[in-house]
Amino acid sequence: MTSQPSTGPVLALETVTFAYRRRGRPDREVLRGISLAVDPGELVVLLGPNGSGKTTLLRIAMGRLTPDGGSVRVDGRPVESWSRRELAQRVAVLPQLATLPDGFRVEELVEMGRAPHARSRFGASDGDARAVERALADAEATDLVGRRIEELSGGERQRVLVAMALAQEPRILLLDEPTQHLDLAHQVALLAALDRLRRLRGVTVVAVLHDPALTVLAEPRVVLLEEGRIVADGPAAQVLEPAVVARVFGVSLPTVLALTGRAGGPG
Amino acid sequence: MRASVAARPLVGGPGLGRASLVIGAGIILVVVAALTAIAVGSTEVGLGDAIGILAQRLGIPVTESWAPTAPTILFEVRLPRVLAGIVVGAGLGAAGVVFQALLRNPMADPYVIGAAAGASLGAVLAITAPIILPVLAVGAGTAWLGIGLVQVAAFVGGLGAVAIVLAVARQGGRSSMVTLLLTGYAVSSLLAAGTALLLVNSGRAMSAVVGWLLGSLGGAGYPELAIAAPLVIGGSALLLVQWRTLNLLLLGDEAAAGLGVDLVPARRGLVLLATIVTSAAVALAGTIGFVGLVVPHLVRLVLGPDHRLLLPASCLGGAALLVTADLVARVAGGVPVGVVTALIGAPFFLWLLHRAATASTAP
Amino acid sequence: MASSRFRFLVPLILALATACQPSASASPSPSTASSVAPSASAAAEVSYPQTLTDDAGRQVEIPAEPERIVSLAPSNTEIVCALDACDRLVGVTDFDDYPAEVADVAHVVIGAVVDVELVVEADPDLIIAAGNELTPTAVIDQLAELDYPVLVLYPESLEAVLDNVELVGTAINATDAATAVTGDMTQRIAAVREAVAGEPAPRTFYEVGLFEGAIYTAGEDSFLAGMIDTAGGEPITGDPLTTSIALEDLVAADPELILLGDAAYDPSITPESVAVRPGWEGMTAVTTGNVLVMAEDPVITRPGPRIVDGLEAMAAAIHPDAFD
């Protein structure tokens, strides 16, 4: 089951198209020919206004949706050739609408992230325990151990979700709006943690963000989507030109940065 | 790392110590309930007689202090009833947990997607068919593998109804759990109407039909147990090892899929197993209510939602509750056991609702 | 118990069970042919083990002369006692009230629910059950599985009651007593037939009970309908399965005589109360004052030897002039 880390992109989309079928009305085209190659250890931020296809793109990358056209390769193989479990050993997802069931303790939930690696029908191995510890630390959630989910704030829950995804020890981490529910300090901390994860553990991170201002923090590669097409792709500083942001988001970047109280650039 | 001290013993879920403690306590509970149920009845025969008779059968010399009928009362009348209570209670407890997790609905019970309605229609058809169509009378008295036609019809009816629900729910496109729930409700209502129609036309079989619908452990003999018990216990065991999938399903479809659950086959397998368990339990004892609804909630309140413990504990809790309820039913002079479980279950359920309501309005 | 039943349904079910003793087509094996045969050589000693066919069509093997008999229905108790075997009874129902000797016998049927454990404790060597789900089939099966000989009685006609007496007589080696009882019954039935022969048969409605707005009476081709016929009336019958009759059908049938069987248990049911029931006031029986209380309902609906008392009472009610 141990896959050789293949050379070349760990996630590759080739002219992917996708449309939601609607009864009695024309199909709603969401992705109109997306080609995207993500190398191991990259931090990619998908940006774009609501309805630009970011979440659909993630769902296709994780194999939950089958594209109408084009191909998706994960770890060098077509995504549909992996079983669900094999895929889960490689790709972890932090979905937008994750619900955390009441009654569980933090460490019990994070341990669920070990599910795709579980060998025993009954319990967790020492390896699992170590992975859970590491994930809790990386997501800055170690201090939440022992607490029940229903006692946590929104931000604390989000950190638990991140820890759960990290416990999966994926090669690719897909995050859909991971900063929602987080206050500014934790937003910054999360992005810093993702960046650290990328550098220290070589995990490829693809995150959908709604707020372009946040991208100035971690110097990611930014992919800007608009109406199902990639309109810009490159380092944050290069992509987030005021003119582009103004056109795509309908507001000027200086306004955004001013509103979030950080007018300065990275560094 | 500072995490290592705190997290290490906690990882591994409930831990072997707590798990064995809980399971051990559950087993003791079931054994105590079973021994009490064996010891108590409308005759004087008691536990002492049971021990004496057992000792004698094992070749230990004991003075025969019991009535000559005592062995029959203990081993032919009470014991199969207690065993049926354990099997049916455990099965309903496990199936209840599974349906609540699958449908992510606290009101779900083993009967929610049609197993009970189908089994009832099957059983009532088998009871009344010889009356409505005398030609069928020939087949009604015959036993098949030592099992009455009624039991077979109930089992087949339960499986058939769920199969119909699943097929119809899938016709509507992607079979979401809400669709499944609503389809189950609609199909159950339809089948219940058929059952009611047969009931009013059942004439002299009315008391047999009503008795079956209320549920009873008294009709279960060893031949019935020999068929139903492996189905219920085997099915429950296969459900127990699915605890991880059930936990993941609580996280929602997207998260569960992201963690490697192949949603469609996983759900289908769980529904199939839970339906086999439910149908076998219903075929053995009729439609006994509330066990499958209340026991999982009770256990969840005490032990939390982790299915690694919730499932086996609900099996044991269901067994203990049903054996106890049947004992109460017997002592109360033949009150249907379903009435006793409802008498225990309904107030508990109201309390649960009250508790949930106050919890959500609290600051 | 498998016999656990809705307690409140018990009276109704008891009433229904007798009221709708159904037509022969519903029974796998009518008693008439099969059970009379052994009594052909009535005077002869019965030899054990013997195998009898009961009214449910079951083959019942009785290994030795029964000394400990459990009766699961009052009618069965009366048959046993009529055969001078009252002292062999070790278990009866708590509905049993005749003859007086049975008051001392242990009860194994409590509130119409058979307590299997009490039956086992009574240690019977013969159990006489009732068909028609009066003894639930599940209980009969359970007792049979415990290796007790269970004889199910299920008479479908007046004559079948005689057959039942003969069958029990054979089962418990009391054929002489059985012959004496049936001889007397046969004679009295013949006398009733003779008395009502040639008389005009009034349209007779026998009220078994009212329950939840439904009117229960004799089912079509039922035991009770046959009795009314034998007693010289023309029975107005209900549905053969449910034994109920719709009020408009009853009005259309226009009974000339109404017999209130339920009045035997409920003093509030009287000819006066019937007269003021909505829809009943125009019936011929009501306008002519031919609404009678049948205080003998217990023996009319109890298919034991005293059924002849019931028949005579019914005939006297239908044809008062013929029995002066």
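Residues numbered from 1 in each chain as written. Chains lettered and ligands numbered in written order. Predicted model: local features only at pLDDT ≥ 70, side-chain atom pairs only at ≥ 80, totals over all residues.

Points about the pairing of strand 3 (residues 43-47) of chain A
All names here are of chain A.
(1) Moving on: A large share of strand 3 lies buried, amounting to five of its five residues.
(2) Moving on: Side chains L43, V45 and L47 project from strand 3 onto one buried face, and the interleaved V44 and L46 project onto a second face that is buried too.
(3) Moving on: Note: strand 3 against strand 8 (residues 204-208), four bridges, orientation parallel. By the bridge assignment for strand 8, L43 is matched with V205.
(4) Moving on: As paired elements, strand 3 and strand 9 (residues 221-226) share four bridges and run parallel to each other. In the strand pairing of strand 9, V44 is matched with R221. (Buried ≥ 20, exposed ≤ 12 C-beta atoms within 10 Å, placed from the backbone. Helix = DSSP H or I, 4+ residues; strand = E, 2+ residues; numbered from the N terminus. Pairing = 2+ DSSP bridges.)

Brief notes about unusual backbone geometry
(1) Moving on: For the peptide bond that leads from Y48 of chain C to P49 of chain C, omega is -5°, which places it in the cis range.
(2) Moving on: The topology assignment puts P49 of chain C in the loop between helix 2 (31-36) and strand 1 (50-53).
(3) Moving on: Along the chain, Y98 of chain C connects to P99 of chain C via a cis peptide bond; the corresponding omega equals -10°.
(4) Moving on: Positionally, P99 of chain C belongs in the loop between strand 4 (89-93) and strand 5 (107-110).
(5) Moving on: Positive phi values are uncommon outside glycine, yet E227 of chain A reaches one of about 50°.
(6) Moving on: Position of E227 of chain A relative to the elements: it lies in the loop between strand 9 and strand 10 (229-235).
(7) Moving on: The phi angle at D221 of chain C is positive, at roughly 60°, despite the residue not being glycine.
(8) Moving on: Inspection of the secondary structure assignment puts D221 of chain C in the loop between strand 11 (214-216) and helix 8 (223-230).
(9) Moving on: Judged by C-beta crowding, with 19 C-beta atoms within 10 Å, D221 of chain C ranks as partly exposed.

Notes on the environment of L250 of chain C
Residues and elements named next belong to chain C.
(1) Moving on: If you trace the backbone, L250 turns up in helix 9 (residues 247-253).
(2) Moving on: In this structure the C-alpha to C-alpha distance between L250 and I236, which are 14 residues apart in sequence, comes to 7.8 Å.
(3) Moving on: Residues contacting L250, with those up to four places away along its chain left out, are F205, I215, I236 and I245. (Contact = placed C-beta atoms within 7 Å.)

Focus on the environment of D27 of chain A
Residue and element names in this part refer to chain A.
(1) Moving on: Here D27 is to be found in the loop between strand 1 (11-20) and strand 2 (28-38).
(2) Moving on: A residue is classified by how many C-beta atoms lie within 10 Å of it, and D27, with 11 of them, is exposed.
(3) Moving on: Setting aside chain neighbours within four positions, we find D27 in contact with A19, Y20, R21 and R22.

Some thoughts on the confidence of the model for chain C
Note that predicted coordinates carrying low pLDDT should not be read in detail.
All names here are of chain C.
(1) Moving on: With 86% of its residues at a pLDDT of 70 or more, chain C has an overall mean of 85.
(2) Moving on: Least confident of the elements in chain C is helix 2, whose mean pLDDT is 41; most confident is strand 3 (residues 69-71), at 97.
(3) Moving on: Taken together, the stretch residues 1-42 has pLDDT below 50 and engages in 126 contacts with residues farther than four places along the chain or on a different chain.
(4) Moving on: Listed scores for the predicted complex are pTM 0.80 and ipTM 0.83. (pLDDT = per-residue confidence, 0-100.)

Quick look at the nonpolar core
(1) Moving on: Core analysis: the largest hydrophobic core is formed by 297 residues, its most contacted members being A163 and L174 of chain A together with V98 of chain B.
(2) Moving on: In terms of residue count, helix 4 (residues 70-103) of chain B provides more of this core than any other element does, 19 residues in total.
(3) Moving on: Beyond its immediate chain neighbours, meaning those up to four positions away, L174 of chain A contacts L58, A61, M62, V91, A92, V93 and V206 of chain A. (Core = buried A, V, L, I, M, F, W, Y, C linked by C-beta atoms within 7 Å.)

Concerning the packing of helix 4 of chain B against helix 13 (residues 263-285) of chain B
Residues and elements named next belong to chain B.
(1) Moving on: Direction vectors running N to C along helix 4 and helix 13 enclose 150°, while the axes themselves pass 9 Å from each other. On the basis of their axis angle, the class for helix 4 and helix 13 is roughly antiparallel. Where helix 4 crosses over helix 13, the two elements pack in a sense that is left-handed. Residues A84, V87, V88, G91, L92, A94, A95, V98, F99 and L102 of helix 4 lie in contact with helix 13, whose contacting residues are R267, L270, V271, A274, V277, T278, A280, A281, L284 and A285.
(2) Moving on: Within the contact of helix 4 with helix 13, the residues separate by chemical class into 17 nonpolar, two polar and one charged. (Axes fitted to C-alpha atoms, helices over the stretch in contact; angles between N-to-C directions. Parallel < 35°, antiparallel > 145°, perpendicular 65-115°, else oblique. Left-handed = near helix turned anticlockwise from the far one by under 90°. Nonpolar A, V, L, I, M, F, W, Y, C, P; charged D, E, K, R; others polar.)

Considerations on the pairing of strand 14 (residues 257-260) of chain C
Residue and element names in this part refer to chain C.
(1) Moving on: What you see with strand 14 is no split at all: L257 and L259 on one side and I258 and L260 on the other are buried throughout.
(2) Moving on: In this sheet, strand 14 lies alongside strand 9 (residues 203-207) in parallel orientation, the contact comprising four bridges. Bridging from a neighbouring strand, Y206 pairs with L259 of strand 14.
(3) Moving on: Bridge count between strand 14 and strand 15 (residues 291-293): three bridges; the pairing is parallel.

Comments concerning the sheet that holds strand 13 (residues 244-245) of chain C
All names here are of chain C.
(1) Moving on: Within the open sheet, the three strands sit side by side as 10-11-13. Their pairing is antiparallel. With partners counted over all chains shown, the strands left at the sheet margins are strand 10 (209-211) and strand 13, one partner each.
(2) Moving on: In the sheet, strand 11 pairs with strand 13 via two bridges, with the strands oriented antiparallel. Considered in strand 13, the bridge of Y216 is made with S244.

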